[in-house]
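# Understanding the architecture of this molecule
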Amino acid sequence: MKGIILTEFVEFLEQTVGENTAQKIIDDSQVASEGAYSRVGQYDYHELIQLLTQSVAETEQQAEVLLQGFADHMFKVFKRDYQVFFEGTDNAISMLIQIDNHIHVEVQKLYPDAELPKFDYTLQGSQLTLRYQSPRPFAQVAYALVGACLKYFGDKEKLISSELSQDLKSATFVVATA
Amino acid sequence: MSDDLKQQLALANARAERLKKARHEAEKLLEEKSRELFAANQQLEEIQQNLQQDIQQATYELEVTNARLQSALDGKSAFLGQMSHEVRTPLNAIIGLSEILLGTRLDEAQHDYMSTINNGAKSMIVLIDDLLDITKIEAGRVDICPEPVDVHDLLRNINGMFELSAKQKDLQLDLQIDNTVPGTISIDVGRYTQIINNLISNAIKNTPQGRVFVQVGFRASADDDGGVLITKVVDTGIGIEATQLERIFGAYEQIGRPGQGAGLGLSICRQLCELMNGEISCESIPGRGSIFSVKLPVRTSTSRDLQASTEATASLPSLPPLRILVAEDNPTNQKVLTAQLAQLGQTPDMVENGAEAMEKIAQSEYDVVILDIQMPVMTGEETLQAIRDSAPSISTHYCIALTASTYQNQEARLLRLGFDAFLSKPLDLQVLAEALMNVPESLSMSLAEESSFIDWDNVVETLEEGAFDFTYLKTQFGEAHRAIFAEIAPSFLQHSYRELEQLIAHAQASEIEKISARSHSIKGAASSLGLNDLANILLRIENKPAAEDVVAKVTEVKIYMDQLKPIMERELAQCVSEG
């Protein structure tokens, strides 16, 4: 997993629960890297799961709530550091349909070794069906990011339905104009 | 320190430690990336170098192949040039000697056979020329040399050459020159003539009945010293199928009936047009006819470079006896040239090479020296060099180059070497006669002779007698001579007197070119009325427009014409009363 997800998760923790609590979560999660992440580094994705599990335990918040908070944080980071993701988009659907063709292309330029999930879609009228597929069980992260995207664009579109597979390696989201 | 504080301190230390570690991790990664980048860069440079080497190698190989092909092409061209030379020599004999035989007493069948032999040989020359042209064009060795020319005269001459063949097929041959076409333009005369000749010849060949029509126009360009000369050759012939139209300008294509040549003509026309930055196109309806259009960019020329040669007529000019030396090694060619010169009333001294020619020149003076280029012992070029390097009594000889090789711009090369004129074999009698007409010494001699016949006092006296001399018109027109006189005299009185005014002005202003042109023009009109005395004075003015006494001569013309005018008017009045 690319370091940026982990550095930003730690950043998110420090902002929401404080530096010390964040450090405690890291220490208690016993991640192999000891939480010394760099954006450009490559890490075992299990460390994210370890950190998340430990965060839930430490903060007593639901995993979904934490993840949604993290996804909103990520969107701000994207906006701040990767303006290029937003080029030519003025609504959530136009952003979601170009994940594979534009955003992931840009990611590959910076990080040729990044292992990216796959997003394909069908568009019927104003209704978007987005399918997520990954070798890693992060369907919930994807769900949270879709939600963050809708929120970022002012909730003009709504998530009508979502279906996450048992192993969390795939999911289907249906988004339509509100 | 409380446990809580201790714990917080430990967490802060752990965080600081974590951040430090993360920084080291990032720095290590950065260094790794830098190394990767460096390696990638090295690899790219290596690829680039290999690529450059590959390109150099490929370029070198192409150059070698190109040089080899060029050399093969040069070899082929040289071979063709040599072959054409070899073929021309016997053809020269066939054409020259058959022409002479045609001038002798032959019965009808013999005349017919001889004429066929002559035409056949001439066709072969055309074919060889076409082959050489294609080879030259394909080898990029054709230079386009524009020169100022009276395009009206040129077109009339080109058209005139086909009058006979058109008449033989009962075809109407017309030339229409739009009045927008400038008098003088700059164009490669030889190449333009070749294109138009080819088109008219094709048109006549492919038209069983009806008309061949040459239409010439001009479209001036925005800058005022140029434009496009548009020449259309229109025929009412067999026409060309649409499917063939695309192919007719390709080399080795032939339309129409078989056996009408190698089909190189239109390909040559197209390539020549392209070389002259112009274009050629064809529209056609099968069974109705064809229109070939040639568009060539030309410059208009202000200088009135009137060429005496455009006055050429079919009849042979009479030449004064000339002292001619010919150096020619080939016995057949010697025989042909001797016979041709005899036709022109000339008896040349004949030698076999340049060395013998030099001996002859040292012994006696010649009006003209004709040198074959390829000779044993001493070639034509070497002989010319020897002549030009000699003392003035020898070096000033008028020298004409004679060669069967037209390959690679021989004419320009030989003229640069110092020859005064150039003749190519097979030698046309008319061309030979014109070349000899241009010999300066002979011209002045004949002028001196002609002028010595004029008795000025007597001229005036004759005129004072008050009768117009109808001798010339009578021989030309017989009984109709007075009617003809009534037709042309008014225009002579009107135009020539106007031109005389201009001639006087030019003479007073010493405008040499204009003096020549104007006197040439009046001379033509005078000759057509048989006013030989007047024509002779004008000829002297035309040939020596810079002479000191030119104003005096022009004044003589004026006096003569002033005396002539009432006589002609009286004759005219009488003609009208008779009519």
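These lines cover the structure that appears in this document, whether it is placed above or below. (Residues numbered from 1 in each chain as written. Chains lettered and ligands numbered in written order. Predicted model: local features only at pLDDT ≥ 70, side-chain atom pairs only at ≥ 80, totals over all residues.)

Looking only at helices and strands, one finds 7 helices and 4 strands in chain A. Secondary structure elements of chain A, listed N to C terminal, follow the sequence α-α-α-α-α-α-β-β-α-β-β. Taking all 178 residues of chain A together, the buried fraction comes to 32%. Excluding contacts between residues fewer than 6 apart, the proportion of contacts in chain A whose partners are at least 24 apart in sequence is 60%. (Helix = DSSP H or I, 4+ residues; strand = E, 2+ residues; numbered from the N terminus. Buried ≥ 20, exposed ≤ 12 C-beta atoms within 10 Å, placed from the backbone. Contact = placed C-beta atoms within 7 Å.)

Moving on, we come to unusual backbone geometry. Phi is positive for Asp155(A), close to 55°, though the residue is something other than glycine. Mapped onto the secondary structure, Asp155(A) falls in the loop between α7 (139–152) and β3 (157–164). On the basis of neighbour counts, which here come to 12 C-beta atoms within 10 Å, the residue Asp155(A) falls in the exposed class. Residues other than glycine seldom take positive phi values, yet Val377(B) does so here, at roughly 65°. Topologically, Val377(B) is positioned in the loop between β10 (368–372) and α9 (380–388).

The next subject is the pairing of strand β2 (residues 127–133) of chain A. Residues and elements named next belong to chain A. Where burial is concerned, the two faces of β2 differ: the one with Leu128, Leu130 and Tyr132 is buried and the one with Gln127, Thr129, Arg131 and Gln133 is not. Note that strand β1 (residues 118–124) and β2 share 7 bridges and pair antiparallel. Of the residues in β2, the one forming a bridge with Thr122 is Thr129. Following β1, the chain reverses through 2 residues before pairing antiparallel with β2; Gly125 in that reversal takes a positive phi of roughly 60°. With 7 bridges joining them, β2 and strand β4 (residues 170–177) adopt antiparallel strand pairing. Bridging across to β4, Tyr132 finds its partner in Ala171. (Pairing = 2+ DSSP bridges.)

It is worth spelling out helix α1 (residues 3–17) of chain A at this point. All names here are of chain A. When the terminal C-alpha atoms of α1 are compared, their 21 Å separation across 15 residues agrees well with the 21 Å that a helix rising 1.5 Å per residue should span. Taken as a whole, α1 has its buried residues at Gly3, Ile4, Leu6, Thr7, Phe9, Val10, Phe12 and Leu13. In this structure, the buried residues of α1 make contact with α2 (19–29), α3 (46–59) and α4 (63–81). Gly18, located one to two residues past α1, shows a positive phi value of around 95°. (Expected span 1.5 Å × (residues − 1).)

Taken as a class, soluble globular proteins show a tendency for nonpolar side chains to be buried jointly. Leu96(A), Ala142(A), Leu145(A) and Cys149(A) are the most contacted members of the largest nonpolar core, which has 46 residues in total. A per-element tally of this core places α7(A) first, with 10 residues. Split by domain, this core shows at least three residues from each of two domains, domain 1 (3–61) and domain 2 (91–177) of chain A. Contacts of Cys149(A), omitting those with residues within four sequence positions, involve Phe75(A), Ala92(A), Met95(A) and Leu96(A). Counting residues in each nonpolar core, the second largest holds 36 residues, with Leu155(B), Leu171(B), Ile196(B) and Leu296(B) among its members. (Core = buried A, V, L, I, M, F, W, Y, C linked by C-beta atoms within 7 Å. Domains from an automatic or database assignment.)

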